[in-house]
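Chains, contacts and geometry: an overview
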Amino acid sequence: MAVRVSMKINGKAVSGEVEARTLLVTFIREHQRLTGTHVGCDTAQCGACTVHMNGKAVKSCSMLAMQAEGADVLTIEGLAKPDGTLHPMQAAFKEHHGLQCGFCTPGMVMNAVDFARRHPNASEQEVREALEGNLCRCTGYHNIVKSIMAGSKAMTTSK
Amino acid sequence: MHAFNYHRPSNVNDAAAQAVKTEAKILAGGQSLVQAMKLRLAAPTDLVDLGMIKDLAGIKVDAKAVTIGAMTRHAEVAGSAEVKMAIPALAALAAMIGDRQVRNMGTLGGSLANNDPAADYPAAVLGLNATITTTKGTHAADKFFKGLYETALKPGEIITSVSFPVPKRAAYMKFKNQASRFAIVGVFVADTGAGVRVAVTGAAPCVLRLAEFEKALTAKFAPESVANLKVKADGLNSDLHASAEYRAHLITVMARRAVEAALK
Amino acid sequence: MGAPLIGARIQRKEDYRFLTGAGQYTDDVTLQGQTHAVFVRSPHGHAKIKSIRKDKALKAPGVLAVFTGEDLAAAKVGGLPCGWLITDVNGQPMKEPPHPCLAQGKVRYVGDHVAVVIAETLDGAQDAAELVEVDYEVLPAVADASMARAKGAPVLHDAAPDNTCYVWALGDKAAADAAFAKAAHVTRLEFINNRLIPNAIEPRAAIGLYSRSEDAYTLYVSNQNPHVERLLMAAFVLGLPEHKLRVVAPDVGGGFGSKIYLYAEDVVVTWASKQINRPVKWTADRSESFVSDAHGRDHHTIAELAMDKDGKFLAMRVKTTANMGAYLSTFASAIPTILYATLLAGQYSTPVIHVEVTAVFTNTAPVDAYRGAGRPEATYVVERLVETAAREMKLDPAEIRRRNFIKSFPYQTPVALLYDIGDYEATMSAAIKLADVAGFPQRRKDAEARGKLRGLGYAAYIEACGIAPSAVAGSLGARAGLFEAGEIRVHPTGSVTVFTGSHSHGQGHETTFAQVVADRFGLPIESVDIVHGDTSKILFGMGTYGSRSLAVGGTAIVKAMDKIIAKGKKIAAHLLEAAESDIEYANGEFKVAGTDKKKMFGEIAFAAYVPHNYPHDKLEPGLNENAFYDPSNFTFPAGTYVCEVEIDRDTGVTKVVNFTAVDDFGKIVNPMIVEGQVHGGITQGIGQALTEGCRYDATGQLTTGSFMDYCIPRADDVPSYKVDTRETPCTHNPLGVKGCGEAGAIGAPAALMNAITDALGIKDLPMPATPQTVWKALQNKKAA
């Protein structure tokens, strides 16, 4: 069954005719060609597909595109400033070597930004728990945690 | 994912009418259903999306009860200052479901209707003796959970809200499966004022109450009342991660810890 | 010029694209007219295929083709080759049963490839794949390696009637037996080194493209060594000349060994792209990764250590059964032999070692190199034995190690390797200090007061990296060379592009290699770009695995740079009217010694490409050099890890509370990147010891087939780590580097299991030490 879906992605209104079974991540990657959002599993564990929907981190592989009808979606491509300046969380990941192969990174960063907004003064343990829905196989999380602590601080001061 | 017909009703009566088809499924947050459909384990002919029915979501708190709309996301329950004040154990339980991203989508109604044997919410509903309101009436918690992925819901019957009586004190302790983070054993202990209820999820094919524990705690609400109670392993789940014996042991440990937490 | 770049914590050049979603992984590539492939896989561990009916699938909407093993056989597409020939104890070659890309009459593991469906859309291909009707006759299966040779065990391959690939041995058995006969004490352990599923977060993916105009193929693939992939596929499977196949491995989202190999899917999409004259894309979903990526480890081992009364090691005997899975993956045969048995000396001067390895076929996914590859298994044998011996001999675990450390170099081990350099005392002492081992008794007491069991364990590992001298590898059965190639292209304005045969899939080569080049040339790092992962751009390469990239690939680059500087000196001598022997090169300047006459690097590059004033009689224009480097020995990173755990008696939950690693990787180019590699390796090692256990049931069903049941560590499963390094520069490469990519995964499991057994006060415990396993051990101890 074909359906029409409309939403905002990274501030831009988009719409398309899709099969009803189209996942949000498929709509983002295949229909909008925004390939920064990744798919790393099929059981909602890895979090590589994390985007923001109406300001909240969600797993775009675990929902239909239709569930984002009318929503405001932010992907990794929309996080840096239009002039290319990195968001403080992105900058912190770079500075603290919070990424290696880069595949889990967009999901990590998107979750981290949402978390830091809500919990600006989180402890290391709280950051680790907040990453329950994101898997990384490269970094051992050490530098991801460090990056999020620093990025969170930078987000507070850059407000 | 198999193809399906997609419906997006604007009110719950239309939804109930569309969901009555035998191979139809109701889509709430989708955190279990979409996975199952992706893996081709579920293949509904029709999918009825409740996402646009605004009045299904929301939290109401009064002196006696916390009433939560079926489409209220776990994150909203976990983060609600009112719920934290009235039934902190319920907010804490909601904060332990899945992960942050899942909690931003997953719903109370979806969780209960699915009745996954390792889901968290059924423990709170049964432990707090909640009432489930649907498009067809109400269900007492004790009569709602029927078995593995089985509830008292009839085809086309949709949960609209759940009312949790405010207990004197309560706590939930969850022993997580390392991999899936579902409950291997989750124990919800509630001192309702009119007796103690102990509900266990994860351990058996369906959430259940522990009469012996309830009796002991009703007599004296203290960790030592349950610390040495033994649970029979017969009938408990046994899998790669936890044998029935291990689960039986964990029930006692988690119950004791829940009582300790409730007393804090 | 600024500060030296070697040894500097330079932020990574590749990060901007990854952080902004601009990375290009294989699945991000969309080609014009692209189609989608879905593989029909065996649901059975072992079965005969009685028939396959394609007609319903072929009629499904959007389906373009369905191919089976028959189609591949008719097209003379070969099977997958094994790249390493092991010769058994009787001088016979190992058994190499055919490894078809699509099953020929029989399936041998769950996930084995039966057919491929190609359709216009992915959904369409998935729908149609369900319509391929396969009639199986299910056969009894064997999944457990220790049962594979049992009488009456189901036989997988006619070519190996006893399911045995080889029985292989190394070392002097008679001498070992004699040493054991006179030992004051023997420590014995029997254990399983648990099977692991690599799970790089980017699933494997491949896109085949056939160009009619060029009559040539391009394969985009998530792979660690595109030239090896090309060589194997062209020469051994498709029968193509290599210039007719281009392999591109773009950004790759983690490998850990699992993307070294030539896989059936890669061959099928490449071949099929010509059959349907459209690009064919396949991307694994995670469920497919679980059943079809090459797994790691899976050894069953009995190990013994003989000592004199002072705890001095006299001899070691090891017997290992290694599970190869259903077929031989690309380097499977070398892992439990060349990369395992040769490491059994560890850091110790044990004079006699004998090891026997039996490799068997089972109804499980093929097993091959996974981070560490043989060396974690060897370290586990040695370090569990040593720690257990210390406990049995009532010696401090550091002291028993100290008494047995190799102290003078070079050192010839009794298991074939020649260690060039090391200082094991230095890394162990530093680790003891950093881990505050002195404070452990107090911490244990405090833990007891909180009702927790606390334990501490060591692992002093060694690994052989920088594989390999090709001649040595060849004499041991390698069917490929193991050198590396590099090319330096200096552009007319003095910027530099470096082409390397190494491949980065998280290791940060674009930064590390640029640091090496910019430092040596005296250029800003922004002027240097590293290119890898495309056989049409890079002259050749053997790829990235075995922590070899900087030691071998980096050295090839250094050699090419030396040629650039040598040519530059000739050009400078001409321009400066000086003798070539008087030209010195430093900090980006060619200078006449003892004068202020000089030419900048960029001026020389310009002169080479605009050769108006140029020594044409002696030199060709241009400034482009390449080099191949074949190392003269392995490198030998080594270090000591100290792990501290706390165990909850009630639940059996183990928490890693402290983890300290002190490594000797030789010279370090970028400490930030090195630390990252160690963190990641340790975490995979903790995964092996605590959470990851691949399981097959008796029928060959994978019971840990998703992240719901197979647990790779999450952020809250591990602590922050304390890491440090000591440095004995490698003696035989110009950078003095040894490699750092696998150390963590090699050393961590033994350190962790030593800590857990210490906390529990028991001799041994199977990995992974899940809460249930630990709880059971506590119950058993209570009962005993």
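Here the structure is shown first, and the text comes after it.
Below you will find a few notes about this structure. Residue positions are counted from 1 within each chain, in the order its sequence is given. Following the order in which they are written, the chains are lettered starting with A and the ligands numbered starting with 1. Only residues with pLDDT of at least 70 are given local features in this predicted model, and only at 80 or more are side-chain atom pairs given and counted; all residues enter the totals for whole chains, interfaces and linings.

**Overview of the overall build of chain A**
For chain A, the helix and strand inventory stands at five helices and five strands. Relative to the compact-globule value of 15 Å for 159 residues, chain A shows a C-alpha radius of gyration of 15 Å, a close match. Dimensions of chain A, computed from C-alpha atoms along their principal axes, come out at roughly 45 × 30 × 25 Å. Expressed as a percentage of its 159 residues, the buried residues of chain A come to 67%. Counting from the N terminus, the helices are the DSSP runs of H or I reaching at least four residues and the strands are the DSSP runs of E reaching at least two. C-alpha atoms define the radius of gyration, and 2.2 Å times the number of residues to the power 0.38 defines the globule rule. Exposure is read from a count of other C-beta atoms within 10 Å of each residue's own; the residue is exposed at 12 or fewer, buried at 20 or more and partly exposed in between. C-beta atoms are placed from the backbone.

**Describing the sheet that holds strand S20 (residues 496-500) of chain C**
Residues and elements named next belong to chain C. The rule for pairing is simple: two strands pair if DSSP sees at least two bridges between them. Overall, mixed pairing links the four strands, which are arranged S21-S20-S19-S25 in an open sheet. Either end of the sheet is taken by a strand with one partner, and the two such strands are strand S21 (528-531) and strand S25 (624-629). Across the sheet, the axes of successive neighbouring strands diverge by a mean angle of 15°, strand direction being ignored. Pairing between strand S19 (residues 484-490) and S25: six bridges, direction antiparallel. Pairing of Ile488 across the sheet is with Glu625, part of S25. For helices, the fitted line uses only the C-alpha atoms of the stretch in contact; every axis is such a line through C-alpha atoms, and the angle between N-to-C directions lies from 0 to 180 degrees.

**Quick look at the pairing of strand S3 (residues 50-53) of chain A**
Residue and element names in this part refer to chain A. Of the two faces of S3, the one lined by Thr50 and His52 and the one lined by Val51 and Met53 are each fully buried. Judged from the four bridges that link them, S3 and strand S4 (residues 56-59) form a sheet pairing that is antiparallel. Residue pairing across strands places His52 opposite Ala57, the latter belonging to S4. Remark: two residues form the turn of the hairpin made by S3 and S4, two consecutive strands paired antiparallel; Asn54 in that turn has positive phi of roughly 50°. Note: S3 against strand S5 (residues 72-74), two bridges, orientation antiparallel. Bridge pairing in S5 links Met53 to Val73.

**Concerning the interface of chain A and chain C**
Counting residues at the interface gives 46 residues for chain A, matched by 45 residues for chain C. Of all the elements in the fold, those that place two or more residues in the side of chain A that touches chain C are helix H2 (88-95), helix H3 (105-118), helix H4 (124-130) and helix H5 (142-157) of chain A. Residues are grouped as follows: nonpolar covers Ala, Val, Leu, Ile, Met, Phe, Trp, Tyr, Cys and Pro; charged covers Asp, Glu, Lys and Arg; every other residue, Gly included, is treated as polar. The class makeup of the residues in the side of chain A that touches chain C is 21 nonpolar, 15 polar and ten charged. In this description, a residue-residue contact is defined by the distance between C-beta atoms placed from the backbone, which must lie within 7 Å.

**A look at the nonpolar core**
Working definition: the nonpolar core is a set of buried Ala, Val, Leu, Ile, Met, Phe, Trp, Tyr and Cys residues, joined through C-beta atoms within 7 Å. One finds Leu90, Val187 and Val189 of chain B together with Val117, Leu344, Val517 and Leu752 of chain C to be the most contacted residues of the largest nonpolar core, which totals 411 residues. Beyond its immediate stretch of four places on either side in the chain, Val517 of chain C contacts Val496, Val498, Val528, Ile557 and Met561 of chain C.

**Let's talk about helix H4 (residues 122-129) of chain C**
Burial analysis of H4 of chain C places six of its eight residues in the buried class, the great majority of the element. Taken together, the buried positions of H4 of chain C are occupied by Asp123, Gly124, Ala125, Asp127, Ala128 and Ala129 of chain C. Buried residues along H4 of chain C sit against strand S2 (12-19) of chain A together with strand S1 (35-41), helix H2 (55-59), strand S3 (63-68) and strand S5 (113-119) of chain C.

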